[in-house]
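# Analysis of the macromolecular model
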Amino acid sequence: MSLPENHTWFDFAELNERERYKILIGTVIPRPVALVTTVDKNGKPNAGPFSFFNVLTHDPAIVAIGVENYSDMRFKDTARNIRETGEFTVHIVDDALVRQMEICAIKFGPEVNELEEAGLATVAGHRVGSPRILSAPAALECRRHTTLQVGPAREIILGEVVGVYVRSDAVNPENLHIDQQLMDAIGRMGGNTYCRTRDQFDVKTLTPEQWEGLSRT
């Protein structure tokens, strides 16, 4: 059975940078949001959110964040700090943290402490020098593994996770089950739109034997 053609093709070779960006952020959805804390070589803290973010592998445990440079190609504070210290902490953003996350997204100068502006309480990191935001449902402490320069305006930073803090009421330390409803994480959509993860459903992948059994019924 043939299906009618009902899709529009976009050739990225014919689109400019902004047009490619709009297509990508509108189709790769939802994206998890990383609220990343770092410190510079003098110990001054910084915080910024990134939605070009995900976990890539568990062995070794690697996360990736895409960081865009300023228009004059200067590094943003996050990228510069990670280059200087080799450390950062990724915080999972929940619904209660959205307003403060957006304050951290304001393009303050390097002299401004976004954590103070947002009223976010922190404690010192356990295995890294970057601070941990206490109100975040989870915090992944990372050491820089690799930095990939993928273009003049952007780099991808791979971090090896050396340890994770998870809200105690959301995790069972015996079987490591994490209650995703209590995590209440949000995701980034296109433009200024976000989504919540409260509407969930389960899909269990069948074994080949289970599939064969179903196909014979």
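These remarks concern the structure in this document.

The rules we used
Residues numbered from 1 in each chain as written. Predicted model: local features only at pLDDT ≥ 70, side-chain atom pairs only at ≥ 80, totals over all residues. Heavy atoms only, no water. Pairing = 2+ DSSP bridges. Helix = DSSP H or I, 4+ residues; strand = E, 2+ residues; numbered from the N terminus. Axes fitted to C-alpha atoms, helices over the stretch in contact; angles between N-to-C directions. Contact = heavy atoms within 4.5 Å. Core = buried A, V, L, I, M, F, W, Y, C linked by side-chain atoms within 4.5 Å. Buried < 20%, exposed > 50% of the residue type's maximum accessible area, 1.4 Å probe, protein only. Polar contact = N/O pair within 3.5 Å; in protein donor to acceptor, adjacent residues only side chain to side chain. Salt bridge = Lys/Arg side-chain N within 4 Å of Asp/Glu carboxyl O.

Now for the sheet that holds strand β4 (residues 53-58). Read from one edge to the other, the open sheet built from seven strands follows the order β3-β2-β6-β9-β10-β5-β4, with strand pairing classed as antiparallel. At either margin of the open sheet sits one strand with a lone partner, and together these are β3 (45-50) and β4. Averaged over all pairs of adjacent strands, the angle between their axes in this sheet comes to 35°, without regard to strand direction. For strand β6 (residues 87-92) and strand β9 (residues 138-151), the ladder comprises six bridges, and the chain directions are antiparallel. Its bridge partner being in β9, Phe88 is matched across the sheet by Cys142. Running at roughly 50° to strand β2 (residues 34-39), helix α2 (residues 77-85) makes contact with β2, β3, β5 (61-68), β6, β9 and β10 (154-166) of the sheet.

To continue, consider the nonpolar core. Counting residues in hydrophobic clusters, the biggest one holds 20 residues, and the most contacted among them are Ile65, Phe88 and Val90. Only β2, β5, α2, β6, β9 and β10 provide two or more residues apiece to this core. Sequence-distant contacts of Ile65, that is, excluding residues within four places in its chain, are made with Ala34, Val36, Phe52, Phe53, Ile82, Phe88, Glu155, Ile156 and Ile157. Of all hydrophobic cores here, the second largest spans 14 residues; its members include Leu35, Met101, Leu120 and Ile133.

Structurally, Glu87 is set in strand β6. Looking at Glu87, its side chain comes within polar contact range of the main-chain nitrogen of Gly129, at 2.6 Å. In this structure Glu87 touches Thr38, Ile82, Arg127, Val128, Gly129, Ser130, Cys142 and Arg143, once residues within four positions along its chain are discounted.

This brings us to the sheet that holds strand β12 (residues 194-196). Strand order in this open sheet of three strands is β1-β11-β12, and the pairing throughout is antiparallel. Edge strands, defined here as strands with exactly one partner in the open sheet, are β1 (31-32) and β12. Relative to strand β11 (residues 186-188), β1 is paired through two bridges, and the arrangement is antiparallel. When the bridges of β11 are listed, Pro32 appears paired with Gly187.

Here β2 runs beside β3; their pairing, made up of six bridges, is antiparallel. Residue pairing across strands places Ala34 opposite Phe50, the latter belonging to β3. Taking the residues that link successive antiparallel strands as the turn, the β2-β3 hairpin has five residues, and the phi of Gly43 there is positive, at about 90°.

Counted under the stated rule, the structure contains nine salt bridges. Asp95 serves as the salt-bridge partner of Arg196, at 3.1 Å between the closest nitrogen and oxygen. On the criterion of sequence distance, the pair formed by Arg196 in strand β12 and Asp95 in the loop between β6 and α3 (98-104) is long-range, its members being 101 residues apart. Asp95 gets classed as partly exposed once you look at its relative accessible area, which sits at 23%. Several salt bridges share partner residues, and in doing so they unite Asp95, Asp184, Arg196 and Arg198 into one network.

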